[in-house]
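One-letter residues, chain by chain:
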Amino acid sequence: MKDLTDRQKQVISFIADYIKENSYPPAIRDIAAHFSISVKGAHDHIIALRKKGHLKHTNKLPRTMGLVYSEETEDSEELVSVPLLGSVAAGIPLLAEENFDGNIKLHRSMIKKSKNYFALKVKGDSMSGAGILEGDVAIIEKLNTVRNGEIAVAIVDEAATLKRFYKENTRIKLQSENPDYPPIYSSDVRILGRLSNIIRSY
């Protein structure tokens, strides 16, 4: 990877903070607004970061840029290993593979201190409306409770699924972000954690 200018470092930092806060990357207009520059200026920064190997991006879909980190070029103290534990369904629930399947390296800016995380591969397209696609890697903060409206990994009937969580009077509703998939209702739901980040490869 090539060295970055001070402004490019600021743009990378903004993208990392935005992903950490929202679980999806900013649009080019978000970058332009944050730095009070034109959309073209923001786009030029994105192109430069792609050429220098610090950013992955596709022009086919909005909000699909992703940060790139390299063990060879980043200080090892800035990287954190997160265990990949298998797959989670974003459509019809699949059995969770609880076996360890290697580690994913994340920059410390993408996660919170003193919190525990694990990663799961996304299967299906029921969360596509939230920008979560088949093949993505979901970074999950370990929790056994989440707030209404948060995207969570839940166990229902011994199957793991990634859905938006809502607690109702006598049951839990797990809502998809795709109208092709009806909600899942159950009074027996176990929460494994909430979505922190999405990692996408091209």
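Residues numbered from 1 in each chain as written. Predicted model: local features only at pLDDT ≥ 70, side-chain atom pairs only at ≥ 80, totals over all residues. Heavy atoms only, no water.

Colleague: Sorry if this is basic, but what is going on with the nonpolar core here?
Modeller: Buried together is how nonpolar side chains tend to be arranged in soluble globular proteins. Counting 17 residues, the largest nonpolar core has Ile132, Ile140, Val153, Leu162 and Leu195 as its most contacted members. Formed by 15 residues, the second largest nonpolar core is a distinct cluster that contains Leu4, Ile15, Ile28 and Ile31. (Core = buried A, V, L, I, M, F, W, Y, C linked by side-chain atoms within 4.5 Å. Buried < 20%, exposed > 50% of the residue type's maximum accessible area, 1.4 Å probe, protein only.)

Colleague: Looking at this model, I keep getting lost on helix α1 (residues 6-22). Mind explaining?
Modeller: Residues spaced three or four apart along an α-helix point in a common direction, a consequence of the helix completing one turn every 3.6 residues. The first and last C-alpha atoms of α1 sit 24 Å apart over 17 residues, in line with the 24 Å expected at 1.5 Å per residue. Among the residues of α1, Gln8, Val11, Ile12, Phe14, Ile15, Ala16, Tyr18 and Ile19 are the ones counted as buried. (Helix = DSSP H or I, 4+ residues; strand = E, 2+ residues; numbered from the N terminus. Expected span 1.5 Å × (residues − 1).)

Colleague: Any chance you could explain the confidence of the model for the protein chain here in plain terms?
Modeller: A low pLDDT score tells you not to read the predicted coordinates there in detail. Counting all residues, the mean pLDDT for the protein chain is 80, and 80% of those residues have values of 70 or more. Confidence, expressed as mean pLDDT per element, reaches its minimum in the protein chain at strand β2 (residues 66-67) with 58 and its maximum at strand β9 (residues 172-175) with 96. For residues 69-76, every residue scores under 50 in pLDDT, and the model assigns this stretch 14 contacts once sequence neighbours within four places are set aside. (pLDDT = per-residue confidence, 0-100. Contact = heavy atoms within 4.5 Å.)

Colleague: Hey, could you run me through the packing of aromatic side chains in this one?
Modeller: Any pair of aromatic rings gets described here by the distance separating the centres and the angle formed by the planes. Under the counting rule described, the total for this entry stands at 1 aromatic pair. Consider the rings of Phe14 and Phe35, whose centres lie 5.8 Å apart with planes at 75 degrees: the pair is edge-to-face. Residue Phe14 is found in helix α1, and its partner Phe35 is found in helix α2 (residues 28-35); the two are separated by 21 residues along the sequence. Comparing Phe14 with Phe35 shows no difference in burial state: the two are buried. Across the ring face of Tyr185, the terminal group of Arg171 is positioned such that the distance to the ring centre comes to 3.8 Å. Across the ring face of Tyr166, the terminal group of Lys173 is positioned such that the distance to the ring centre comes to 5.2 Å. (Phe/Tyr/Trp six-rings, centres within 6.5 Å; stacked < 30°, edge-to-face > 60°. Lys NZ or Arg CZ within 6 Å of the ring centre and 35° of its normal.)

Colleague: Could you clarify how one ought to interpret the environment of Val39 in this entry?
Modeller: Note on placement: Val39 falls in helix α3 (residues 39-51). Along the sequence, Val39 and Arg29 sit 10 residues apart, while their C-alpha atoms lie 5.8 Å from each other.

Colleague: Where do I start with a positive patch on the surface in this structure?
Modeller: Judged by side-chain charge, Lys20, Arg108, Lys112 and Lys113 come together as a positively charged surface patch. Residue Lys113 is classed as exposed on the basis of its relative accessible area of 78%. (Patch = residues over 30% accessible without salt bridge, like charges linked within 9 Å, V, L, I, M, F, W, Y side chains within 5 Å. Areas by Shrake-Rupley, 256 points an atom, 1.4 Å probe, with all protein chains shown as cover. Salt bridge = Lys/Arg side-chain N within 4 Å of Asp/Glu carboxyl O. Lys, Arg positive; Asp, Glu negative; His and termini not counted. Charge placed at Lys NZ, Arg CZ, Asp CG, Glu CD.)

Colleague: Help me understand the pattern of salt bridges, please; the structure alone is not making it clear to me.
Modeller: Close approach of charged atoms allows side chains of opposite charge to pair. Enumeration according to the criterion identifies 8 salt bridges in this entry. Across the pair Lys115 and Glu141 runs a salt bridge, and its minimum N-O distance is 4.0 Å. Here Glu141 lies in strand β6 (residues 137-142) and Lys115 lies in the loop between β4 (103-107) and β5 (117-123), a separation of 26 residues in the sequence. Take Lys115: its relative accessible area is 41%, and that puts it in the partly exposed class. Given a relative accessible area of 3%, Glu141 falls into the buried group. Three or more residues joined by partner-sharing salt bridges are found here, namely Lys115, Glu141, Arg147, Glu150 and Arg194.

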